[in-house]
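# Overview (structure and organization)
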Amino acid sequence: MTLREALGGRWSTHWLLWLSMYPPAVGLILVRESTTDYPDWWWPVLSGTVQHLLTGIVIVGGGLIARRRQPVLPVWVVASLWGLASLIRAVVGCTVAEIVAEVPGYLLFRLGSWLVVSAVWLTALVYGIAQIERRRELIGELEQTQRRLEEATALATESSEAIQSRLAGTVQQSVAPVLDDLLTRLVAVRQSLDVHAFAEISMRLSSLHEETADLVESAAPAPPPAPERPRRASLREIFDVHLTQPWRAAGLVTMATIALILADAWRIFGNEAALEIVVACLAGGATLGVVLRLSTAWSAVSRSRASSVTLSALGAAILVSTWVMLHSGIDSITWHGAIVLPVLAGGFLASCSVVIAALVLARANAVDERTINAMQADLRRLEEAHTASLERERHRLSELMHGPVQGRIAACVMALTFFSTADAAPGALDTITGQVLDHLAAAARDLSLLAEGRPPN
């Protein structure tokens, strides 16, 4: 999956993503407006709600219109929709602050802040969600391809004798019941010497001869059942991938968390609070990297589920960053840290999920796709080899049946046809019927021998 396919895919303008962004967006606005003196507490909530509704019209509605022409949008179209949404958020927030609270709106600052958050977070979110969706499909496809490859390998190892015996068994199951029925009917009508009955049996034998020839040409094992739709993996299975580059992941998580909250905290609470946030994020990121790195070094931990290890490392990072925010003393006003902490913890959780999805899962998806392609190439090779072997054994079976079984049936057809006419010599039909019965019984025996894998007489 390329970056353009991910960013231009359905999730970049999906209503579910827009709806899920409402709580964090309003939480960020509440932090941003925490020092603004509004007449009532609900004004920031109302402002955030209006902003989110308007951006939903732009992103979701604009995406629906743009996707009428092409399902995968160009990146510039998606970037334009997100940029316009950031502008709308900035204008609405600035207008409410200036009119209701009668304070400067800082339009450029709001616009720059939303652009940074959108560029960093929405890009990573959309790409990560696309990789998660792709991985849910790949895990099921990989399992299904593995099963098909095992079945094809088992068929490919089947011997020529086994294939021929299986084909002969298929023919016997179709021909033997009809042949037995004709033998029974022929014995029954022999006593009455009804010429019309003999003619009918002759026609049925002729039809059986043709059917036998066609059946040998098309004889094949029963087709396998239609493959089931690949299952969709659970979220725990999706994130059950060990981090091979823990320091890189920890660094990206730290930068994404800082980008989420630093600008607003610096504007609202000042330099000391901003410095404390940077130190807390760096300490949390370092803790995350250390725990992830140690988990790969300790064999006992490396055998644990990757999702459990990652959650443990993330919990340790949040605890360390919380301690820094509340006890470091960099910012003497403790309640600043208390207000920022929920957003900081949520930022660590969200950024860790996004980074894992955008980097680790993307790499795992690429590996799985190469594995599936290689397995499918092997599957096609095995199926082609089995088809060629099947065709070869079908031809051999046709040659074996041509004389012993089909030849006997053809001879019986000619004899009964000739001696069932009205001008046939008296007593000849009874004599030839005995010979036809012997030939049909011999054909049935030869058919049984073929089914057992032994050459007929």
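Structure shown above.
Heads up: these notes are all about the structure in this document. (Residues numbered from 1 in each chain as written. Predicted model: local features only at pLDDT ≥ 70, side-chain atom pairs only at ≥ 80, totals over all residues. Heavy atoms only, no water.)

### Section: the packing of aromatic side chains
Enumeration over the complete set of coordinates arrives at one aromatic pair. Ring geometry for Trp42 against Trp43: centres 4.7 Å apart, planes inclined by 25°, an arrangement best described as stacked. Relative accessible area serves as the criterion here: at 22%, Trp43 is assigned to the partly exposed category. Taking the ring centre of Trp114 as reference, the NZ or CZ of Arg89 above it sits at 4.8 Å. (Phe/Tyr/Trp six-rings, centres within 6.5 Å; stacked < 30°, edge-to-face > 60°. Buried < 20%, exposed > 50% of the residue type's maximum accessible area, 1.4 Å probe, protein only. Lys NZ or Arg CZ within 6 Å of the ring centre and 35° of its normal.)

### Quick word on the environment of Gly93
Here Gly93 is to be found in helix α5 (residues 75–101). Put simply, Gly93 and Arg110 are 17 residues apart on the chain and 7.9 Å apart in space, counted from C-alpha to C-alpha. When neighbours within four sequence positions are excluded, Gly93 is seen to be in contact with Ser47, Gln51 and Arg110. (Helix = DSSP H or I, 4+ residues; strand = E, 2+ residues; numbered from the N terminus. Contact = heavy atoms within 4.5 Å.)

### A closer look at the nonpolar core
If you look at the biggest cluster of nonpolar residues, it comprises 48 residues, and the most contacted ones within it are Ile277, Leu288, Met325, Val340, Leu344 and Leu361. Where this core is concerned, the elements lending two or more residues are α3 (22–32), α6 (107–156), α10 (246–269), α11 (271–297), α13 (306–327) and α14 (334–419). By residue number, the principal contributor to this core is α14, which donates 13 residues. Contact partners of Val340, with chain neighbours within four places excluded, come to Ile261, Phe269, Ile277 and Met325. Among the nonpolar cores identified, the runner-up in size contains 17 residues, and Ala6, Trp11, Leu17 and Tyr127 belong to it. (Core = buried A, V, L, I, M, F, W, Y, C linked by side-chain atoms within 4.5 Å.)

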